[in-house]
Amino acid sequence: MSNYNDELVDFDEALDRYDPVLGFEVHVELNTKTKMFSDAPNAFGDEPNTNVTPVDLGLPGVLPVVNKTAVEYSILIGLALNCQIAEKCGFARKNYFYPDTPKNFQTSQYDDPIAHDGWLDIELEDGEVFRVEIERAHMEEDAGKLTHMGGAAGRIQGADYSLVDYNRAGVPLVEIVTKPIVGAGKRAPELARAYVAAIREIVKNLGVSDAKMERGNVRCDANVSLMPKDADKFGTRTETKNVNSLRAVEHAVRFEIERHAAVLDSGAKIVQETRHWHEDTRSTTSGRPKSDADDYRYFPEPDLVPIVTTAEWVEELRSRLPEPPAERRKRLKAEWGYADKEFRDVVNAGVLDEIEATVAAGASAAVARKWWMGEIARLAKAADKEIADLGVTPATIVELNSLIETKKINDKIARQVLEFVIAGEGTPSEVVEKRGLAVVNDDDALGKAVDDAMAAMPDVVEKIKGGKMQAIGALMGPVMKATRGQADAGRVREIVMEKLGL
């Protein structure tokens, strides 16, 4: 076990002396209707141990049957990652004993994965591109879920007992394994985050996974090692297991680089082991010695025949591939006319889909960006929610903008209306009607408010008469106050100039 959890070297100092080598194993849960080898429902959030069959529990005499849709989804993922698709591949038993694996083995693939030798270009925030080589993407089944009771932070350490839910046991998984990634240098943590984000985006775009990291649909095992600047051999790696957020992946890689450097600087050796990520302290702790393949005693699964793919089948699946996310981004950027930084901000904020849908619903690209990147983002942050969880739809934005363009409300009122819509008070038009928020454009009411403002501010009136038109802005405050912020600013300006004979 490693005893260097609290000893770190400054990140920049660490990379002055060492080069990081990264590797990622991303597990993607497929959203098929049933499990990988049984007809049990594949559903999240159901009562524990209700979506199970004798096959999932490994009871005597049962035989698995391969889910064809899961195989097709796996091939789609392989094609999207520019992989070669195996003409013939089989399953293997990966043997290990743990309470969440009722069969005492996991049905996986070993030396003949469904997809292999691919690549993915990863674009960082400033536009720099790293090519990540994909070793393999193979099919397997997920394990059940353990809930540790009585311990700290839900971990097994210090728990009084554990509960097992086998609903997840047997859910189809695709594990995507990279080749060693070298050359990232100080951008290694950023690359880690961007790579996992790209995988999540691809599988979501394909429609083969719900891709919700908070539910465990996408999980990353992050491998890190360091090699001295003058070395030609990789260092000993550690594997931080089951990291389930983009931010955590980035922080885990950064932490392990700093920790490895401290261990190596002390003259000690890195222990090849798994590590646990702790979000509260943004640190890792030792797990178990890392097993090599031999420790799992892989052997061919005797109850399943090999999967044979034909060129016709693969090409039919290739024809289903949607527009690749990177190409889609380039197209949308050109169509919308956003500057590089504007578009990167949209992508990083995760509102590309929302803006695209809003434009498709009839708003301009500029209007869509203004709302999703402005007021909606602000409200989400204030509520500590994801933007998608606010319940704002593209139709809401189109309707709000229409109310502004027809001068029924102004920008300030529109922001208030949006808050009421989010609170569940109805559509924008319904909110405006119920709350009486329509812009005041009645000349009598506006004329009286202007007269009162001019009487109270004779010095401003003289400036306007002297040709300083910008001074009209000083009259707006009192007029807006008198009309509860609902005055038509354009009409107020016209009335001021009419009254002063300008």
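Owing to the predicted nature of the structure, the values given are computational and were not obtained by experimental measurement. (Residues numbered from 1 in each chain as written. Predicted model: local features only at pLDDT ≥ 70, side-chain atom pairs only at ≥ 80, totals over all residues. Heavy atoms only, no water.)

(A) Structural context of the nonpolar core. Judged by nonpolar contacts, the single largest core of 74 residues is most densely connected at F24, I176 and Y195. If one sorts the elements of this core by residue count, helix α4 (residues 188-206) sits on top with 11 residues. With near-sequence residues (within four places) excluded, F24 lies in contact with I176, V177, T178, I181, A192, Y195, C220, D221, A222 and V253. Grouped together as the second largest cluster of nonpolar side chains are 33 residues, I387, I404, I409 and L437 included. (Core = buried A, V, L, I, M, F, W, Y, C linked by side-chain atoms within 4.5 Å. Buried < 20%, exposed > 50% of the residue type's maximum accessible area, 1.4 Å probe, protein only. Helix = DSSP H or I, 4+ residues; strand = E, 2+ residues; numbered from the N terminus. Contact = heavy atoms within 4.5 Å.)

(B) Region of interest: the packing of helix α7 (residues 325-336) against helix α8 (residues 340-349). Remark: α7 packs on α8, axes separated minimally by 11 Å, with the N-to-C direction vectors making an angle of 130°. Considered as vectors, α7 and α8 are oriented oblique to each other. When you trace α7 past α8, the crossing you get is right-handed. For the pair α7 and α8, the contacting residues are R329, L332, K333 and W336 in the first and D340, F343 and V347 in the second. (Axes fitted to C-alpha atoms, helices over the stretch in contact; angles between N-to-C directions. Parallel < 35°, antiparallel > 145°, perpendicular 65-115°, else oblique. Left-handed = near helix turned anticlockwise from the far one by under 90°.)

(C) Looking closely at the pairing of strand β13 (residues 273-278). Of all 6 residues in β13, 5 are buried; the element is thus mostly enclosed. In terms of strand pairing, strand β12 (residues 238-243) meets β13 through 3 bridges, oriented parallel. Looking at the pairing, K241 lines up with H276 of β13. As paired strands, β13 and strand β14 (residues 283-289) are joined by 5 bridges and run antiparallel to one another. Its bridge partner lying in β14, W277 is registered against T284. Connecting β13 to the next strand, β14, in antiparallel fashion are 4 residues, including R282 with a positive phi near 50°. (Pairing = 2+ DSSP bridges.)

(D) Broad picture of the packing of helix α11 (residues 394-405) against helix α13 (residues 428-435). Interaxial distance between α11 and α13 falls to 9 Å at its minimum, and their mutual angle equals 50°. In terms of their interaxial angle, α11 and α13 are classed as oblique. Each of T396, E399, L400 and L403 in α11 lies in contact with α13, whose residues at this interface are P428, S429 and V432. A breakdown of the residues in the contact of α11 with α13 according to their chemical character gives 4 nonpolar, 2 polar and 1 charged. (Nonpolar A, V, L, I, M, F, W, Y, C, P; charged D, E, K, R; others polar.)

(E) Spatial organisation of the pattern of salt bridges. Using the criterion set out here, one finds 39 salt bridges in the structure. Its salt-bridge partner being D56, residue K35 comes within 3.6 Å of it at the nearest N-O pair. With K35 in the loop between β1 (18-29) and α2 (54-57) and D56 in helix α2, the pair connects residues that are 21 residues apart, well separated along the chain. The residue R193 makes a salt bridge to E250 at a minimum N-O spacing of 3.2 Å. Taken together, the positions of R193 in helix α4 and E250 in helix α5 (residues 246-265) put the pair 57 residues apart, joining distant regions of the chain. Note on R193: relative accessible area 34%, which makes it partly exposed. The class of E250 is partly exposed, set by a relative accessible area of 22%. Shared partners join several salt bridges into a network, and the residues in it are E323, R328, R331, E335, D353 and E356. (Salt bridge = Lys/Arg side-chain N within 4 Å of Asp/Glu carboxyl O.)

(F) Inspection of the confidence of the model for the protein chain at higher detail. When the pLDDT values of the protein chain are averaged, the result is 90; 92% of them are 70 or greater. Under a pLDDT of 50 for its full length, residues 1-5 has, in the predicted model, 17 contacts with residues more than four places off or in other chains. (pLDDT = per-residue confidence, 0-100.)

(G) How the structure looks around helix α12 (residues 411-422). Along its 12 residues, α12 runs 17 Å from first to last C-alpha, staying within 8% of the 16 Å computed at 1.5 Å per residue. Where α12 is concerned, the buried positions are I413, A414, V417, L418 and V421. Each buried residue of α12 lies within a common arc of 145° when the element is viewed along its axis, so the set occupies one face. Along its buried surface, α12 packs onto α10 (365-383), α11 and α13. Sitting at the amino-terminal end of α12 is N410, which places a side-chain oxygen 3.2 Å from the backbone nitrogen of K412. Among the residues trailing α12, G424 stands out with phi positive, at a value near 95°. (Expected span 1.5 Å × (residues − 1). Arc of directions from axis to C-beta. Polar contact = N/O pair within 3.5 Å; in protein donor to acceptor, adjacent residues only side chain to side chain.)

(H) Main features of the packing of aromatic side chains. This model, assessed by the stated rule, comprises 8 aromatic pairs. Both rings, one in F37 and one in F91, keep their centres 5.3 Å apart while their planes meet at 85°; by these two values the pair is edge-to-face. You can see F37 sitting in the loop between β1 and α2 and its partner F91 sitting in the loop between β3 (88-89) and β4 (92-95), a full 54 residues away along the chain. Judged by centre distance (6.3 Å) and plane angle (55°), the rings of W336 and F343 are tilted. By the burial criterion, W336 is buried, and F343 matches it. (Phe/Tyr/Trp six-rings, centres within 6.5 Å; stacked < 30°, edge-to-face > 60°.)

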